[in-house]
Amino acid sequence: KVFPARIYSSGAELPELPEDDPVLVSDPVEWTAEFRYFVRDRRIRTWSPYLLNGSLARDGDEWIVDVESAAAATSLVERLLTDVRVELPPALVIDAGVTRGVGAALVEANEASGAGIYGCDPAEVLDVLRAAVTNAEQL
């Protein structure tokens, strides 16, 4: 994440980068729903919606869950977590959602320590954070 995520019409709009820096390029998509998953030991410990139709998925103090989208995104994350070919750290955050006209997709994976918790269970988030912060001798 060395430059802001957005739609660039060409590579010429990107900031100056070293020639050998890889840049992931994809077709633009419209996210209809996005969710955050706190994961420890390849198991979803807590999750929450965070965006719905381009806005924060919240109405006052309540988080709004599109049940069908949540089921599709959760199923995708669970398939990823059970695939032993995918190397994962002991604790991380995965963002996944649903794109208009395509379906469930992964947004990104991040370190647990830098992710907002949205409507996730704080006790479960803390457990994931404990697993993410490990002494080198324990690895």
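Residues numbered from 1 in each chain as written. Predicted model: local features only at pLDDT ≥ 70, side-chain atom pairs only at ≥ 80, totals over all residues. Heavy atoms only, no water.

Observations concerning the packing of aromatic side chains
Condition: When the centres of two rings from Phe, Tyr and Trp lie within 6.5 Å, Trp using its six-membered ring, the rings pair. Their planes under 30 degrees apart give stacked, over 60 give edge-to-face, and anything left gives tilted. Classification of residues uses two cut-offs on accessible area relative to the type maximum, computed with a 1.4 Å probe and protein chains only: under 20% is buried, over 50% is exposed, and between them is partly exposed.
Applying the stated criterion across every chain, the model contains 5 aromatic pairs. Judged by centre distance (5.7 Å) and plane angle (85°), the rings of Phe3 and Tyr8 are edge-to-face. Judged by relative accessible area, Phe3 falls into the partly exposed class, the value being 22%. Ring geometry for Tyr37 and Trp47: centres 6.1 Å apart, planes at 25°, overall stacked.

Comments concerning unusual backbone geometry
Just so we agree on the cut-off: For helices the rule is a DSSP run of H or I covering at least 4 residues; for strands it is a run of E covering at least 2, with both sets numbered from the N terminus onward.
Positive phi is not limited to glycine here, since Asn53 has a value of about 50°. As for its placement among the helices and strands, Asn53 is situated in the loop between strand E2 (43–52) and strand E3 (55–56). For Asn53, a relative accessible area of 55% translates into the label exposed. Even without glycine at this site, Tyr118 takes up a positive phi of about 45°. For Tyr118, a relative accessible area of 34% translates into the label partly exposed.

A closer look at the environment of Pro89
As for its position among the elements, Pro89 is in the loop between helix H1 (67–82) and strand E6 (91–99). Overall, the relative accessible area of 44% leaves Pro89 in the partly exposed class. Spatially, the C-alpha atoms of Pro89 and Glu111 are 9.1 Å apart, while their sequence positions differ by 22 residues.

Some points on H1
Quick reminder: α-helices carry 3.6 residues per turn. Residues three or four places apart thus point the same way. In plain terms, the rule: To estimate the expected span of a helix, count its residues, drop one, and scale the result by 1.5 Å. As used here, the arc is the angular range of directions from the helix axis to the C-beta atoms. Think of a polar contact as two N or O atoms within 3.5 Å of one another; within protein, one of them needs to be a possible hydrogen donor and the other a possible acceptor, and neighboring residues in sequence only count if both atoms come from side chains.
End to end, H1 covers 22 Å across 16 residues, agreeing with the expected 22 Å (1.5 Å per residue, within 8%). Within H1 the residues assigned to the buried category are Ser69, Ala70, Ala73, Thr74, Leu76, Val77 and Leu81. On an axial view of H1, the arc spanned by its buried residues comes to 160°, and they lie on one face. Looking at H1, the residues exposed on the side facing more than 90 degrees away from the buried face are Val67, Glu68, Arg79 and Thr82. At the N-terminal boundary of H1, the capping side chain belongs to Asp66, with an oxygen 3.3 Å from the backbone nitrogen of Glu68.

What to know about the nonpolar core
Put simply, the rule reads: The definition of a nonpolar core used throughout is a set of buried Ala, Val, Leu, Ile, Met, Phe, Trp, Tyr and Cys residues joined through side-chain atoms within 4.5 Å. Only heavy atoms enter the contact rule, under which two residues are in contact if any of them lie within 4.5 Å.
If you look at the biggest cluster of nonpolar residues, it comprises 12 residues: Ala33, Phe35, Tyr37, Val39, Ile44, Ala70, Ala73, Val77, Leu81, Leu92, Ile94 and Ala96. Listing elements by their share of this core, those giving two or more residues are strand E1 (31–40), H1 and E6. Leu92 has contacts with Tyr37, Phe38, Val39, Ala109, Asn110, Ala112 and Val128, leaving out every residue within four places of it along the chain. The next biggest cluster of nonpolar side chains, apart from the first, holds 9 residues, and it includes Ala91, Val93, Val125 and Val128.

Focus: the pattern of salt bridges
Two side chains with opposite charge may pair up if their charged atoms get near one another. Let me state the cut-off plainly: Salt-bridge detection follows one rule: a side-chain nitrogen of Lys or Arg within 4 Å of a carboxyl oxygen of Asp or Glu.
In total, this model carries 9 salt bridges according to the counting rule given. Across the salt bridge formed by Glu30 and Arg100, the nearest N and O atoms sit 3.1 Å from each other. You can see Glu30 sitting in the segment before E1 and its partner Arg100 sitting in the loop between E6 and strand E7 (103–110), a full 70 residues away along the chain. You can call Glu30 partly exposed: its relative accessible area is 44%. What makes Arg100 partly exposed here is its relative accessible area of 48%. The residue Arg40 makes a salt bridge to Asp41 at a minimum N-O spacing of 3.5 Å. Under the relative-accessibility criterion, Arg40 is labelled partly exposed at 24%. Among the charged side chains, a salt-bridge network with shared partners connects Arg40, Asp41, Arg45, Glu124 and Asp127.

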